[in-house]
Amino acid sequence: MHEGTCPQPPFGLMCRRMVCMSQMIERTCTNDGGCKENEKCCHIPSLALALCEAGPLICLQRVPIFTCPSKRCITPEYAVTSKRYPCDCFETERIAGYSLSQIVKYCLRPDNENNYTMIDILKISDQYLTFNELYHLNITSDKILLRSLSINLAEKYQFYLDQPIQSNLSNEKFFNCTKPWFGSHCQYSLEFPDDELISNTVQQTFRRYVSIGVRICNGRIECLNDGVDEIGCFNLEINQCDENEYRCHIGLCIPKIFLDMEFVGVQCLDRSDEIIRQNIFSLNYISYEEFVCRPDEGQFSCGDGNCVEDFGECINNRHLTLFQSISEQKNLSYSCWIVMVCLSKIIDQIENISCDHFMQSSQIIEDFQNCDFPLKFPDIPVLFGHVRFLYFRKTIDNFNRTFVLKPDYVCYDEQLCDFLKPTFPHKGLTCRYGNETGLDSNVKLTTWKSLIDSIKPYFIGCKTQHHQSINSSHYSSLYHCKNSSKYISKYRLVDGIYDCFLKDDEQAFELSCSLNQTFRFQCSNEKQCRSPLVSRNICSSSKEINPNEILFYQICDRIIDLPLILINGQYHSDETDCEHWQCNNIYTRCDGFRNCLDGKDENNCTEPIILRYFLFCISPENFSLMCLPADPINNGIIDCCRVSSDKYQYVQMNNITLETYKFRYWNNTECIEGEDCLMYKDFLELCADHSRLSETALVYPPLPTIQINSDENQAEIEMRELLVQNSIQYNPCNYGVHVYHRFGINNNYNSLCFCPPTYYGDRCQYQNQRVSLTLVLATVNQPTIYTIMVTLMEDDNDRQEIHSYHQFTYESKEYCGKPIDIYLLFAKRGKDTSKKYNIRVDAFDKNSLVYMISWYLKIPFIFLPVNRVTAFLTLPISRTFNSIHCTRRCLNGICMKYHNEERSFCKCYSGWSGARCHIPIDCSLCASNSICIGSIQNRPICVCPQNRFGSFCRLKLMCPTDHCQNNGHCVVIDERRVNDSYICLCSEQFSGPLCEYNNYRIEISLKNMEIPSYLLVHIYDVINFEQSEPTLTILKKMPMFQSHVLLYVEHTFQMILVKTAKDYYLAALQTDNSSNLTTSISHAQRCPSINELLHKNLLSKPRIQQLKSYHLPCQHDLNLQCFIDEFYMCLCTREHHSNCFQLDHRINFICKDNVYCENGGTCLQDRPTCFYDILCLCNDCFFGDRCQFYAKGIGLTLDDLLRYEIRPNQTLNDQSLVVKLSAAFVMILFLIGLLNSFLSYLVFENYNSRKVGSGIYLRLSSIISSLAVSILIIKFWFVTYTYMNPSINRQILRVGCILLEPLLRLFVHMSNWLNTCVAIERAIAVFQGINFNKKRSRCIARWILCLLPFLILSSMSYEFAYRDLFDDYEERRVWCVVRYSQSVEWYTIIVQYFHFVVPFSANLFSALFIIVNITRQRMIIRTHFSYKQQLLNQINEHKQLVVSPIVLIILLSPRFLVSLLSKCVKSSQNPWLYLCGYFIAFIPSSFIFIIYVLPSTFYRRQFKHSITTWRQRLINIVR
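Residues numbered from 1 in each chain as written. Predicted model: local features only at pLDDT ≥ 70, side-chain atom pairs only at ≥ 80, totals over all residues. Heavy atoms only, no water.

Trainee: Is there a simple way to explain the overall build of the chain in this structure?
Mentor: If you tally the helices and strands in the chain, you get 32 helices and 69 strands. The buried share among the 1519 residues of the chain stands at 54%. Contacts in the chain between residues far apart in sequence, at least 24 positions, make up 58% of those at least 6 positions apart. Within the structure as shown, the chain displays about 72300 Å² of accessible surface, and the carbon and sulfur contribution to it stands at 51%. (Helix = DSSP H or I, 4+ residues; strand = E, 2+ residues; numbered from the N terminus. Buried < 20%, exposed > 50% of the residue type's maximum accessible area, 1.4 Å probe, protein only. Contact = heavy atoms within 4.5 Å. Areas by Shrake-Rupley, 256 points an atom, 1.4 Å probe, with all protein chains shown as cover.)

Trainee: Help me understand unusual backbone geometry in this model?
Mentor: A negative phi angle characterises most non-glycine residues, just as the trans form characterises most peptide bonds. The omega torsion of the bond from Phe373 to Pro374 falls at -5°, within 30 degrees of zero and hence cis. Residue Pro378 is bonded to the preceding Phe377 through a cis peptide linkage, with omega at -10°. Considering the arrangement of structural elements, one finds Pro378 in the loop between β16 (375-376) and β17 (388-391). Its identity as a non-glycine residue notwithstanding, Asn352 has a phi of 65°, on the positive side. Using a relative accessible area of 73% as the deciding quantity, one classes Asn352 as exposed. In this structure, Asp577 is a non-glycine residue whose phi angle is positive, near 55°. Structurally, the position occupied by Asp577 is in the loop between β24 (570-572) and β25 (609-611).

Trainee: Just checking my understanding: could you explain the state of the cysteines for this structure?
Mentor: The bond known as a disulfide is covalent and runs between the sulfur atoms of two cysteines. Under the criterion given, the structure shown has 31 disulfides. Two residues share a disulfide in this structure: Cys241 and Cys253, whose sulfurs sit 1.9 Å from each other. Its S-S torsion of about -90° marks the bond between Cys241 and Cys253 as left-handed, since a negative value means left-handed. On the criterion of sequence distance, the pair formed by Cys241 in the loop between α5 (234-237) and β10 (245-247) and Cys253 in strand β11 (residues 253-255) is long-range, its members being twelve residues apart. Overall, Cys241 belongs to the buried group, its relative accessible area being 19%. (Disulfide = S-S within 2.5 Å.)

Trainee: Got a minute to help me understand the sheet that holds strand β18 (residues 409-412) in this structure?
Mentor: In a beta sheet, neighbouring strands are held together by backbone hydrogen bonds and run either parallel or antiparallel to one another. Read from one edge to the other, the open sheet built from five strands follows the order β16-β17-β18-β20-β19, with strand pairing classed as antiparallel. Because the sheet does not close on itself, it has two edges, and the strands there are β16 and β19 (424-426). Summarising the sheet, β17 and β18 pair through three bridges and their orientation is antiparallel. Bridge pairing links Phe389 to Val410 in β18. Contacts between helix α11 (residues 448-459) and the sheet are confined to β17 and β18, with β17 contributing the most and set at about 115° to the helix. (Pairing = 2+ DSSP bridges. Axes fitted to C-alpha atoms, helices over the stretch in contact; angles between N-to-C directions.)

Trainee: What is the right way to look at a nonpolar patch on the surface in this model?
Mentor: A contiguous nonpolar surface patch, about 370 Å² in accessible area, is contributed by Val1295, Leu1299, Leu1303, Leu1353 and Phe1360. Take the nonpolar patch: its biggest share by element is three residues, from helix α23 (residues 1290-1328). Mapped onto the secondary structure, Phe1360 falls in helix α25 (residues 1358-1362). (Patch = residues over 30% accessible without salt bridge, like charges linked within 9 Å, V, L, I, M, F, W, Y side chains within 5 Å. Salt bridge = Lys/Arg side-chain N within 4 Å of Asp/Glu carboxyl O.)

Trainee: Sorry, what's going on with the sheet that holds strand β59 (residues 1077-1081) here?
Mentor: The sheet built from three strands is open, its strands ordered β56-β53-β59 with mixed pairing. If you trace the sheet from one side to the other, it starts and ends with β56 (1044-1049) and β59, each paired once. For this sheet the average axis-to-axis angle between neighbouring strands, irrespective of direction, equals 20°. Bridging between strand β53 (residues 1000-1006) and β59 involves five bridges; their strand directions are parallel. Within β59, the residue paired with Ser1005 across the bridge is Ser1080.

Laid out in structure tokens, this is it:
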């Protein structure tokens, strides 16, 4: 017991001293603002409720308080806060192991939801203040948060502060609770108030509810009401999983990637994935109540993670409840019941009186003879829900009570066990004699369990459901048991468990190997392929090493690792043909063993060598000497036999200290030091006798850091022991929290139980129907904070009612790859199984609240009380648009598609919900800067932005000033964790919790080699030739026109390998770890294939012989640094020997879930889950870091054409030939265009040239042409200069991006349309002849000139709306791009083709019409000329009408053909083709004088007249 003194409260609240109770542990508080630093806290180990002496109740009440010095505690830690709505709740946070903190809410959850205890708040004696009084005391919500238990109370007060008049909360009360009371009205306490009288209600003894816990779909009927626990379970039996999923033995599916993930624990309900998991050190915090027993274990769950056989004993005594239930008296008389209970040995005491005492009573023995026989006992089935015992009358006076009274008949359900022939019917029961079910008279059974075990084999092949007959042809995944109507899944074949009565399921050898089932394995020399449930240790202990897997240093080391292989009539192994192998090499030098016969590999060894934990022994396979490491010792597999060390003294060198250990042999109890225990020849005999060898127990000291043959780590053991200890301790609330509740000031108290989501009832005695969801999220390591919203909703087409939801913040650095366990409850107990439910997961960018992506998770097998759902989700780094081909009609939202399903949904705007976003939501409670995405129980669901939290996002939590170093960005990830709320997002140059460490810099340059699109950089901090995995693999995209990359790593390194798409390069190899490094790779560092180095004769040999030639390449080419083969990476040493280690070239870096690359781009990532970097390899048509932009042939811009041609940070003189020639051509085009425009303007400024509409069109066209070439040259140099100088002001870039290209297109389109108008008017003039109205022509021309600019601008208005800058972080450049939606993109294509194709077609048809029409007119007059002659004459005579449209057709054709030949373009592949097509389109605008004036006699005459006039004017001016 300890006492402390309270500090001064932040405002006028009463405070009392707090005393730690005996069941609490005194801890030291952290400086979290709620209590002073180094003050004492009280800590309850089983709940970890941190109570501060200084505060009214709890240190910093707004959050769970973490009292351990480290987050990674061995046992789960809890801390408590309170939330009042919708019921009084505690929130507890589990922080243990490596999983994401799991928030578990403990609430009042009575079995009758209307039976809540009402509180008369007027009778509570504690002081309180109203919100109005707090407001006038200048109390902020932060202070309320520091002093209150409830986040909701603080948020409600903040809502009052935001809207003091509208909220009507001025009289809301804030209670100042005195110790030990807490709660919204100070109505709860975790301890008895020792200074108060206790009511009789509290003194009453609680009834202890302990449920046996029915296991659903465990292959046995446990519910007596028609076996409802197995109804529907056949759907699990026929269930099939996807290729990327693992099928649990029970039939559920989990992501296959979970099996290899470090922090993900067991996920299958039957724990069948536990057997094959590569990582066995992961903890799982889902309640053990959710698991059924593993198939290869006993089928009775003890509730603490252990399973025992039927009627076995649990450590926590849970089996006693089963024994009590099965031994109930029911309708039997007292004496009959006593005798049957005692003689069957179910229990040995009745009402605390031993059975021996009862059986000594002659009255009980006599009354037993009067029982109603045949007697059915127990009254309920004893096995599989239908097997019963029947006893006939017998004399028990002389019965030997050492043995169990065996039943005379064993009865069963004939429909379930149709393979058994009944011999005795009794009152609707089908029975067999006891001796027909393993209960022969000579079988002596001493326990009830032995009795059950004797009959179990006869009924284990029975069915579990009265299902109808099944047509197996419809279910290819089923196996039909012989001589039975039972069907089982083929996944159950050869799994070590007998499911069929004839055990034929374990003999289907050929069928088991024909199944395409992952993880099945086949032992050597066996026909069957065993289920993964079977331990691989069942295979022979002799280990054969695949020649492809042998370590290089094991070759020619005088230890045979490979068995002899017959090759071309000769036997070969790793120790044959070693004459040319260097015995003195990097592996054998000074290792303590003579590898060379003359011992030169151990000469001149200066440093002493100490061999620890090694055993000199003889291999039982080839009787060769070997040195066995410690880890295989005592692992159940015979690896070698020990020899006397004095027989092999030559293997020990003078500079070696050999630590020896004692061994106990099969025929000795101990080995005395200095005494020879067993000689070599004896061991040869022993090794040959495997049966004797298996009895040998070697007592050998294991490595201190290695846990040998362990299925669970210490943390799991301690956690399990803690759970067992807690279960043994009496807890009236079972799995809940026991609190005391007062309901007045008259010393009236009662007890309440706060239950976790998994339980409900006044004593937490019933299990809730629920969805148990485990999510593992992964994303690229970038500074993006996500809000993840998980909702359980009805899957309908109307309201889509939300039953429950969970919201949390996710950051990749902290939580990537770690499981998040979530409980989702249904709105009403007893879910409606006729409805469909689903889980929707939405991701938002927490900084901007921009919606990112959604997933649809099915809830299969809704009949299960606990629906286990697991998912691995990859988060994108930017918003993904899935609205393509989305046909759902959304009233107040947008139609989207789920990422993982071909299913659409309506993503509603804030304030709307429902399947069609047709239901309004009252979002007035949500903060203005949050978004409202749904409602539950008439309360809005709010998504909070960064630095905001609470149910309605009204509370603030900011990072401390200068929390992060080196310009790191501080973000809040969990407002409930005081000291761990903040994390720092560091730039790539820094690392550490506060970005306090400098990362090591690596610069790799590429010299004299083709620049690849990306590099894979393998970094090794230690060169280990037994372990080939690199420490770090970095995927790096090569920027355009750059030949070097910069990398930053946190740790030092020794070797760097660089892989391009085709080759490996040795970038760095150093003996000492280096910090920063600048290196280069070229052809000299390339690691060629062994096929390029060895002669074809050597390559044709078997691999084991080929490996012994691997020293030759290093000896023949002294400049060779490395080479590779199919399995090895080999380095050449200074002595020109090969030093090889295994390297997996087949690693697939393609993203398993592509949420990054669009438009068919190939996604690459550097690791399976928590990847440092990703990149997208785009198809030729696309560009951008996610291939999100599309370069279209018809809509090409200068940005598209020159994007990958202009080299940044270089002068124009250093640019490519394409850029230089383009600059020259643009300058020439500009000068020619200005000159042509000026000369044309001189012609058409003359009134005589404008007597018809054509002259008006051409005058404006002259002006537009000058503007077009002017904007072209401005655009060209703007693009060139800005791409060459990326540091230009961003605002200038945005203005140029938005304005220049639309203006250029406007002038080009206007020029084309004006030229088209000229061609159309000329065609009309030819057609009308003398009836052509010149005045009307001029009038129409003026109207067209007024309307044309507006029509063109309106058709391309999207350019201004969708054109913007895009930052390409991979290329480190800024692009000007247009981002279209699907509908706008189609509109864009139509508009662009319209402005191009229509003028082209109009000019073409006008030219043809003019020629053909004039020719026909002349044929009428000049009949003596042929049609061909007339056609040629008319073309020559009216060439001024024909030349211009034909020239326009010729000039427009290249661009039109380019657009037709290629749907899209990546211009760097065909720069000249597309640049020529682009620039030719400006020739009509630049050559208007040549096209229209020179071919026309009239316009030439007007030109001369204009020149004469302007010359005369100039002369007059000069004079």
